[in-house]
Amino acid sequence: LAGLRRQAAVTISQELSKLACRSPGPAAWINQVRRRSSLLSSRLEEKPFSEMEMSYIKQGEEALQKSLSILEDQSGWKTETEVRNGDKVLSKVLPDVGKVFRLEVVVDQPLDTVYSELVDRMEQMGDWNPSVQEVKILQKIGKDTVITHEKAAAAPGNIVGPRDFVSVRCSRRRGSTCVLAGMATKYGAMPEQEGFVRAENGPTCMILRPLPGCPAQTKLTWLLSIDLKGWLPKTIINQVLSQTQVDFANHLRKRLERGVAVSC
């Protein structure tokens, strides 16, 4: 049985590689991930899960599907911020979610390097991103799903006080596309913390793809949806969230910087 599963995984991966070589448009690669993520995870996972673990896995899958649905719809996005280097933050308001933000940047590092920093070294994010105090993995479920506790630092000038988040996160890597998705969840072992307002991530995700024609660079798209809770004017929330995304891109570049010029 294990041999058959491995063979199935190899066959599906080969098909995904063929699709990746055809350079599909945005709708095509989003649909590709959506169609195959649940199927692949069910075939590759061999360890039995408890009912609670399965509920977290389903929440992670739900976050991924909702995020991809939002990004697939290209209409209605308005520019919030555009930087000289090409970094751009867009936003739109969704009836069932509220205001969401989308960061689009190109990072001068290959996909594997960016993926390793954001997924494999997730708990080190507080070392290089001043917006984050700490990221802690509370529980790992299988290969693709984790429960995390994140402490966000207070915004400059203490405009927005310290927030913390408990989230379920899942990662999917299919062919040349990586999706890192998440949303708020409940975790009994991590109640609300003194000195922090428990905020909530809506459906959020980061999508990583090699830049067409230049595999040494990575296109990063970050969908951000957050309910910061508390009494905060919308103008302040919008300003803080869009600036947080721009700052994140700059801090990530510095973290990955190796002083090697990228040549396509």
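Residues numbered from 1 in each chain as written. Predicted model: local features only at pLDDT ≥ 70, side-chain atom pairs only at ≥ 80, totals over all residues. Heavy atoms only, no water.

- With an unreviewed UniProt entry as reference, the protein chain is termed Steroidogenic acute regulatory protein, mitochondrial, source organism Psilopogon haemacephalus.
- In UniProt, the protein chain has this text filed under Subunit (unreviewed entry): "May interact with TSPO."
- Reading the Function (unreviewed entry) entry of the UniProt record for the protein chain gives the comment "Plays a key role in steroid hormone synthesis by enhancing the metabolism of cholesterol into pregnenolone. Mediates the transfer of cholesterol from the outer mitochondrial membrane to the inner mitochondrial membrane where it is cleaved to pregnenolone." (UniProt positions renumbered as here; feature names shortened; annotations may be inferred.)

**Thoughts on the nonpolar core**
So, point 1. One finds Leu103, Val114, Leu118, Leu208, Leu220, Phe248 and Leu252 to be the most contacted residues of the largest nonpolar core, which totals 35 residues.
So, point 2. With seven residues, the top contributor of residues to this core is helix H6 (residues 234-256).
So, point 3. Leu208 has contacts with Leu111, Val114, Tyr115, Leu118, Ser176, Thr177, Cys178, Thr218, Lys219 and Leu220, leaving out every residue within four places of it along the chain.
So, point 4. Judged by nonpolar contacts, the second largest core, of 25 residues, contains Leu71, Met183, Tyr187 and Cys205. (Core = buried A, V, L, I, M, F, W, Y, C linked by side-chain atoms within 4.5 Å. Buried < 20%, exposed > 50% of the residue type's maximum accessible area, 1.4 Å probe, protein only. Helix = DSSP H or I, 4+ residues; strand = E, 2+ residues; numbered from the N terminus. Contact = heavy atoms within 4.5 Å.)

**As for the pairing of strand S4 (residues 132-141)**
Here is the key point about a regular strand: its side chains alternate between the two faces of the sheet.
So, point 1. Two elements, S4 and strand S5 (residues 145-152), share eight bridges in a ladder whose sense is antiparallel. Looking at the pairing, Glu134 lines up with Lys151 of S5.
So, point 2. Here S4 folds back onto S5 in antiparallel fashion, the turn holding three residues, of which Gly142 has a positive phi close to 70 degrees. (Pairing = 2+ DSSP bridges.)

**Observations concerning the packing of aromatic side chains**
So, point 1. Taken as a whole, this structure holds three aromatic pairs when the rule is applied.
So, point 2. Ring centres of Tyr56 and Tyr187 lie 6.2 Å apart, and the angle between their planes is 45 degrees; this geometry places the pair in the tilted category. Taken together, the residues span a long stretch of sequence, with Tyr56 in helix H3 (residues 51-72) and Tyr187 in the loop between strand S7 (177-184) and strand S8 (197-198) at a distance of 131 residues. For the pair shown, Tyr56 and Tyr187 are each scored as buried.
So, point 3. Where Trp128 meets Phe248, the ring centres are 5.9 Å apart and the plane angle is 45 degrees; that geometry is what we call tilted. Linking Trp128 in helix H5 (residues 125-128) with Phe248 in helix H6, this pair joins segments that are 120 residues apart in sequence.
So, point 4. Members of the aromatic cluster, connected to one another through ring pairs, are Trp128, Trp222 and Phe248.
So, point 5. The positively charged end of Arg102 is found above the aromatic ring belonging to Trp77, 4.5 Å away from the centroid.
So, point 6. A cation over an aromatic ring shows up here: Arg173 above the ring of Tyr115, its NZ or CZ 4.9 Å from the ring centre. (Phe/Tyr/Trp six-rings, centres within 6.5 Å; stacked < 30°, edge-to-face > 60°. Lys NZ or Arg CZ within 6 Å of the ring centre and 35° of its normal.)

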